[in-house]
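Listed here are the chains, written in short residue letters.
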Amino acid sequence: MDISRSLRILLVLLALPVYAPAADDIENPTSPYSVESVRAWHQELSETTNGWPWAYLPEDAVDLRGDGTKQLLICVGGGARSGEFVLFAQNHGQWLQISDVIDQSHHPIRRLRHSKAGWYDFQTFTPLWGSSGKEVLVVTYRWAYGRYREFSSLEGMWCDYKPFSEDKALCGGA
């Protein structure tokens, strides 16, 4: 192989972008939320209602990278049955929003096996109104374009899902 061809190949390789998933590989959009402002709202709401008024937690620490680092799933609105949450991740000591709005209830999220750019897909479970507590909305979120976005949603029966199938109170010992 002649030197000029080797040089052309080297130049092409150097021009290619290098991609490696990293904790700081997140989109930094202008966000209407900040961890501090949402926590201040939580505090004010707790004070005016004599405690957090809903059955789900106002925030939760989750590991969506599988590396022991925690992201913050925090409530930004909602009602008695479910809330609207957003995810934040630390980037150089600053919390950045890394999701669109996530529907969530009092059930923990379920991290799935599929991952993209080092971020695992996850599911949320929300009871469906009018089902007498028998049906659930399952929403799957996937990492895309620097943040989590809704990937799919479907309705089903609680006992069809492994996190709940062994719950005797919910599924009768199924």
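Rules used throughout
- All chains use their own residue numbering, which begins from 1 and follows the written sequence.
- Under the rules for a predicted model, residues below a pLDDT of 70 receive no local features and side-chain atom pairs below 80 are neither given nor counted, while totals for whole chains, interfaces and linings still include all residues.
- Excluded from the side-chain calculation are hydrogens and water; included are all heavy atoms of the structure.
- Labels follow the DSSP assignment, with helices taken as runs of H or I lasting at least four residues and strands as runs of E lasting at least two, numbered in each case from the N terminus.
- For every residue, the accessible area (1.4 Å probe, protein chains only) is compared with the maximum for its type, and the residue is labelled buried under 20%, exposed over 50%, or partly exposed between those bounds.
- Two residues form a contact once any of their heavy atoms are found within 4.5 Å.
- Pairing between strands requires that DSSP locate at least two bridges from one strand to the other.
- Any two of the Phe, Tyr and Trp rings considered here, Trp counted by its six-membered ring, make a pair once their centres fall within 6.5 Å; the pair's planes then place it as stacked at under 30 degrees, edge-to-face at over 60, or tilted in between.
- Comment: the charge-over-ring label is applied if NZ (Lys) or CZ (Arg) is within 6 Å of the ring centre and within 35 degrees of the ring normal.
- Only one rule defines a salt bridge in this text: a Lys or Arg side-chain nitrogen within 4 Å of an Asp or Glu carboxyl oxygen.
- The axes are straight lines fitted to the C-alpha atoms, using for helices just the contacting stretch, and the angles between their N-to-C directions are given from 0 to 180°.

A. Quick peek at the overall build of the protein chain. The number of helices and strands found in the protein chain is four helices and nine strands. Secondary structure of the protein chain in N-to-C order comes out as α-α-β-β-β-β-β-β-β-β-β-α-α. Relative to its full complement of 174 residues, the protein chain shows a buried share of 35%. Sequence-distant contacts in the protein chain: of pairs separated by 6 or more residues, those separated by 24 or more amount to 40%.

B. Quick peek at the pairing of strand β2 (residues 71-78). Across the eight residues of β2, seven count as buried, placing the element largely inside the fold. Where β2 lies against strand β3 (residues 83-91), six bridges are found, and the strand directions are antiparallel. Bridge assignment links Cys-75 to a residue of β3, and that residue is Phe-85. Counting the residues in the hairpin turn of β2 and β3 gives four residues.

C. Inspection of the packing of aromatic side chains at higher detail. Within this structure, the stated rule accounts for 13 aromatic pairs. Ring centres of Phe-125 and Phe-164 lie 4.9 Å apart, and the angle between their planes is 85°; this geometry places the pair in the edge-to-face category. Taken together, the residues Phe-125 in strand β7 (residues 119-127) and Phe-164 in helix α3 (residues 162-165) connect sequence positions 39 residues apart. Judged by relative accessible area, Phe-125 falls into the buried class, the value being 0%. Judged by its relative accessible area of 8%, Phe-164 is buried. Here Trp-158 and Phe-164 contribute two aromatic rings whose centre-to-centre distance is 4.7 Å and whose plane-to-plane angle is 85°, an arrangement assigned as edge-to-face. The buried category is assigned to Trp-158, whose relative accessible area is 4%. Three or more aromatic residues joined by ring pairs make a cluster, and in this case those are Trp-41, Trp-52, Trp-54, Tyr-56 and Phe-85. Here the basic side chain of Arg-111 rests over the ring of Tyr-120, its NZ or CZ set 4.7 Å away from the ring centre. Against the face of Phe-151 rests Arg-142, its NZ or CZ located 3.8 Å from the ring centre.

D. Examining the pattern of salt bridges more closely. Inspection of the entire model under this criterion finds five salt bridges. Across the pair Asp-67 and Arg-65 runs a salt bridge whose closest N-O atoms are separated by 3.8 Å. The class of Arg-65 is buried, set by a relative accessible area of 13%. Three or more residues are tied together by salt bridges with common partners; here these are Asp-100, Arg-147 and Arg-149.

E. Inspection of the sheet that holds strand β9 (residues 147-157) at higher detail. Read across the open sheet, the four strands follow the order β6-β7-β8-β9; overall the sheet is antiparallel. Looking along the sheet, the strands with just one partner apiece sit at the ends: β6 (110-116) and β9. Between one strand axis and the next, the sheet turns through 25° on average, direction left out of account.

F. Region of interest: the side chain of His-42. Locating His-42 in the fold gives a position in helix α2 (residues 35-48). A residue is classified by how much of its surface remains accessible, and His-42, at 7% relative accessible area, is buried. Here His-42 is in contact with Trp-52, Pro-58, Glu-59, Ile-74 and Cys-75, once residues within four sequence places are set aside.

G. Summary view of the side chain of His-107. Tracing the backbone through its elements, the reader meets His-107 in the loop between β5 (102-104) and β6. If we skip the residues at most four places from it in the chain, His-107 touches Phe-125, Trp-158 and Phe-164.

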